[in-house]
Amino acid sequence: QVSRSLSDPCLWVPQAAGFRLCWGRFLERMSGNPGCMLATGFPGRCHGHRAGGAPLIFMLFLLQSVCCAVAVPPPGIVGASFFSPNVPTTINQVAVVEIAMDDVNADPSLLPGVTLDLSWLQEPPTRNALVRMLDTAHVKQRDCLTFGIADARRADYLAPVVSNRNSNHLFFFDFGMSAGVKYPEYASTMGLFGWGSIVARYLDMMASMEIKRFAVVMPKSFEAMGQTFLVAERTRDMAVAYYHVFDEAVTGSVSHDNAVAYAAQVVKEIVNSKTTVIFFCFCLTVNTEFKVAFLRSARDAGLMGKGYQWFSHYQTVSKFMETFMYLPEYADLLPLLAHFKVVHQPALEPADYNATQAEVPGFSRTDLDAHLKSAVAAKFSKALPNRGFTGMFKSLNCTATPTLKVCTMTPDITKEIMRTVMYDAVFNVARALHQLLIVDGQGDFCNVDSEGVRSGPSQLFREKLMQTPWSGYSGVRPWLDVPAAGGTLSSLGATFQLADWVPRANTTYSKAKTIDMYANRLTGEVIHRDWATGIPKPVEDLRWMGGATTPPLDYIPEMCGKTAYIDMTSAAKRCLPCPEGTFNHPADMLNECIEIATFKCAAGEFFEKVAAAGSGTANPCKPCRPGSHQQKASGSEDCELCPLGRYQPHTGQSECLPCNDGFTTPTLGSTEVSQCHCPENHLLLEDLTCGACDPKTTLCPGLMAESNITSLPGFVVISGKSLAGGSTHAPDVGPFENVPRAFACISQAECEGERLPGQCTAGHAGVACGACEEGFSRSEGRCRSCSAADGSRIVGTVFFFLGY
């Protein structure tokens, strides 16, 4: 009986008889040859043996060949990943991963006799360069484990190579892999986090609020993220009502007028889509005029008021909006963008993750940061031509390319918020390999032939990684499925939050945000709770754009018009036609087809049956016009006019307003209080009551004031105020002092009638018009002008003298 050692180059293989034999060790002792040799220049197969004559030795050789073919781990496993040498983020990620690989290789218990290495390939600029890079990784470097890309737009170039080479892939950032049209060829792909995860968690949070329909507006550089929404539309109960990708190259160079016109066109299309939830990203768009024009155009179209909600992810707010939003000339936009929602992966985890979930005993994040900081200082140096990077970075020559960012900067791992996950990723890969190679003896999964094609099953490593419990400095993290084009992307569970951006002067997103909810990285469940306090945060406590206190609907209630209704069972909110003779009242929120013949509008409205049967969104229940009313719900096609003595100046009223007691109106349908007046043979007195007139002496048509009363011929009207004025010649009016009185004149010639109160025939004056005005004298029973009377006397005198 020989004890098993992890350092043995050939491992024990379970046999059906129930005992273990190390055939490699046994043959090595028997023949002096190594039990396991190299095959096709790559470790993993036994071959080559000095022949012996004994049948037993031949039999043992056959058993040894089978045994070692599945038992011997390769001396090295190489992975490859693209990166950009001018992007600080990816450079920091390279540093974290390389330190983790150094630590794995320094641990003899993880992969004894196996060296884990990773080749960093510079992001290729062209398709041909990409293929050459892949050949280098697969053929020359014998890559068999991991692959990563920095530019999702080249994913389709990579897909056929991945499929043909039978390669495994583990992406530190999955970018848009879940949306790639050739994703099915990435059958063995996994991702730690990325666009697929962001969109999946965002949609989970939207679904928790019953929001399933939205618009997506993205720049071309983030088109893969936008396409992830389209994938979600096919794989879950979600609908993209409007999808638009704009080209930063165009929006970055267009003139002011063209930028405004382009922005207005996009906003117009959003309006026409009848959607109220918009997920958009400026991302790498540098044209501020376009961004401002887009936001202002959306404001002018009413898309930033109540009932609408805008969402984005962290970069749009922190990098591409806050750079200009706080400038004075754009101050008009800040109030509009209050309560803008942002999806983001936080640096800190929620407090409700307990100790066994958030941190594994013995794994202190503080200790890891200290270790990474120390390792960076020891490993990376600007004095070295390759700055201390390993893998294919050994060929990095900063003397020849001094301007590359990787040559000018020292890695700063504290700026990589996912450093714990990335560090743990390397160790969890090593643990999965340990199970696969050391425990299970599946060494041939990594066999690669001279053409760079792996002969082993590509899914083997993926399955083992999925089965290996994830733990470490990043806590316990299960693999969660993310819907992808043609399959499912396995993504490492990560916490994503929905944060409420409340812009304020002289601050930033990180200071102004308020967390609304988050997706639990352990289960994917959406938690409506403040993770700092643990206090529940229901939807009704959230705040939305435009000052709304309720979540937006993902549709516009009247969007289907009157001849159709909204299919609420579909995420797309399709419009289904109403049966003949029915219509959908666009304002009642019931979303049902009602029979026109029996429909009743509310009180204060009348029903336009012709409009009900027509298309469009116009409400067939019209408000009653001024001067009319509808007392109760009715299907009447018109409202009733206000009766005499009532009026209504407003629309949509259920009753008319009464005039004062004793007053009436001239006709039906009066619209103003000024139309109220005293009835016939009455007039308005100073105390605003109606007084009776004497029909024998005065004419009272029933208008508003005493100035409207006129006298009949032979009478004069004296106002009540004049009668009570203290004149010694005024008659005693007694209790009728406020009522105009009519008095008989000396003759009808003096009072011709149809005179207003106090008016006499021309030249006449006095209470009863019996006196003559100054310049007039009485002649022949009436007052005549003195000039005309004197003339008559002179003429008579002349005739007298002539006759004499």
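Refer to the preceding data block for the structure.
Before going into details, it helps to say that this report is about the structure given with it. Here the structure is a predicted model, which is why all the values come from computation and not from measurement. (Residues numbered from 1 in each chain as written. Predicted model: local features only at pLDDT ≥ 70, side-chain atom pairs only at ≥ 80, totals over all residues. Heavy atoms only, no water.)

A few points about the overall build of the chain
- Within the chain one finds 21 helices and 38 strands.
- Within the span of the chain, comprising 804 residues, buried residues form 49% of the whole.
- Taking all contacts inside the chain whose residues are at least 6 apart in sequence as the whole, residues at least 24 apart take part in 62%.
- For the chain, the exposed surface amounts to about 36800 Å²; the carbon and sulfur share of it is 55%. (Helix = DSSP H or I, 4+ residues; strand = E, 2+ residues; numbered from the N terminus. Buried < 20%, exposed > 50% of the residue type's maximum accessible area, 1.4 Å probe, protein only. Contact = heavy atoms within 4.5 Å. Areas by Shrake-Rupley, 256 points an atom, 1.4 Å probe, with all protein chains shown as cover.)

Let's talk about the nonpolar core
- Counting 50 residues, the largest nonpolar core has Val104, Leu111, Leu116, Tyr423, Leu433 and Phe461 as the members making the most contacts within it.
- Counting residues per element, the ones that place at least two in this core are helix 3 (88-105), strand 6 (115-122), helix 14 (365-379), helix 15 (405-408), helix 16 (419-439) and helix 17 (459-467).
- With 13 residues, helix 16 is the largest single contributor of residues to this core.
- One finds Ile278, Phe340, Ala499 and Ala512 within the second-largest nonpolar core, a separate group that totals 45 residues. (Core = buried A, V, L, I, M, F, W, Y, C linked by side-chain atoms within 4.5 Å.)

Quick look at the pairing of strand 10 (residues 239-246)
- Pairing of strand 9 (residues 213-219) with strand 10, which is carried by seven bridges, proceeds in the parallel orientation. Looking at strand 10, one finds that Arg213 is bridged to Ala239.
- This β-α-β element, strand 9 to helix 7 (residues 223-235) to strand 10, shows right-handed connectivity. (Pairing = 2+ DSSP bridges. Right-handed = clockwise from strand over helix to strand, strands pointing away.)

What about the environment of Pro623?
- Its location among the elements puts Pro623 in strand 24 (residues 621-623).
- We classify Pro623 as partly exposed; its relative accessible area is 43%.
- When the C-alpha positions of Pro623 and Ala603 are compared, they lie 9.0 Å apart, and in sequence the two are 20 residues distant.
- With sequence-adjacent residues up to four places away left out, Pro623 is seen in contact with Gly604, Glu605, Phe606, Thr651 and Gly652.

Structural notes on the sheet that holds strand 12 (residues 309-313)
- An order of 10-9-11-12-13-16-17-18 is seen for the eight strands of this open sheet, with the pairing classed as mixed. Because the sheet does not close on itself, it has two edges, and the strands there are strand 10 and strand 18 (526-527).
- Two elements, strand 16 (residues 496-501) and strand 17 (residues 513-519), share six bridges in a ladder whose sense is antiparallel. Looking across to strand 17, one finds that Gln497 is bridged to Tyr518.
- Each of strand 9, strand 10 and strand 11 (277-280) touches helix 9 (residues 256-272); the most contacted strand, strand 10, lies at about 170 degrees to it. (Axes fitted to C-alpha atoms, helices over the stretch in contact; angles between N-to-C directions.)

With respect to the packing of aromatic side chains
- Counted by the stated rule, this structure contains 24 aromatic pairs.
- Summarising the aromatic geometry, the rings of Phe246 and Phe290 are spaced 5.2 Å apart at their centres and angled 55 degrees between planes, so their arrangement reads as tilted. Placement of Phe246 in strand 10 and of Phe290 in helix 10 (residues 288-300) is noted, with a sequence separation of 44 residues between them. The pair Phe246 / Phe290 is uniform in exposure class, with both members buried.
- The rings of Phe246, Tyr262, Phe280, Phe282, Phe290, Phe294, Trp310, Phe340 and Trp501 are connected pair by pair, giving a single aromatic cluster. (Phe/Tyr/Trp six-rings, centres within 6.5 Å; stacked < 30°, edge-to-face > 60°.)

Quick word on the state of the cysteines
- On inspection of all chains with the given rule, the structure shows 10 disulfides.
- Each disulfide pairs two cysteine sulfurs, and for Cys560 the partner residue is Cys575, the sulfurs being separated by 2.0 Å. The disulfide joining Cys560 to Cys575 has a torsion of about -85 degrees about its S-S bond and is therefore left-handed. Here Cys560, found in the loop between strand 18 and strand 19 (564-566), pairs with Cys575, found in strand 20 (residues 575-577); they are 15 residues apart in sequence, far enough to count as distant.
- Two residues share a disulfide in this structure: Cys772 and Cys783, whose sulfurs sit 1.9 Å from each other. Note on the Cys772 and Cys783 pair: the S-S dihedral is about -85 degrees, so by sign convention the disulfide is left-handed. Placement of Cys772 in strand 36 (residues 771-772) and of Cys783 in strand 38 (residues 782-785) is noted, with a sequence separation of 11 residues between them.
- You can call Cys772 partly exposed: its relative accessible area is 25%.
- Of all cysteine sulfurs in the structure, the one in Cys772 sits closest to Cys786, which takes part in no disulfide; the separation is 8.1 Å. (Disulfide = S-S within 2.5 Å.)

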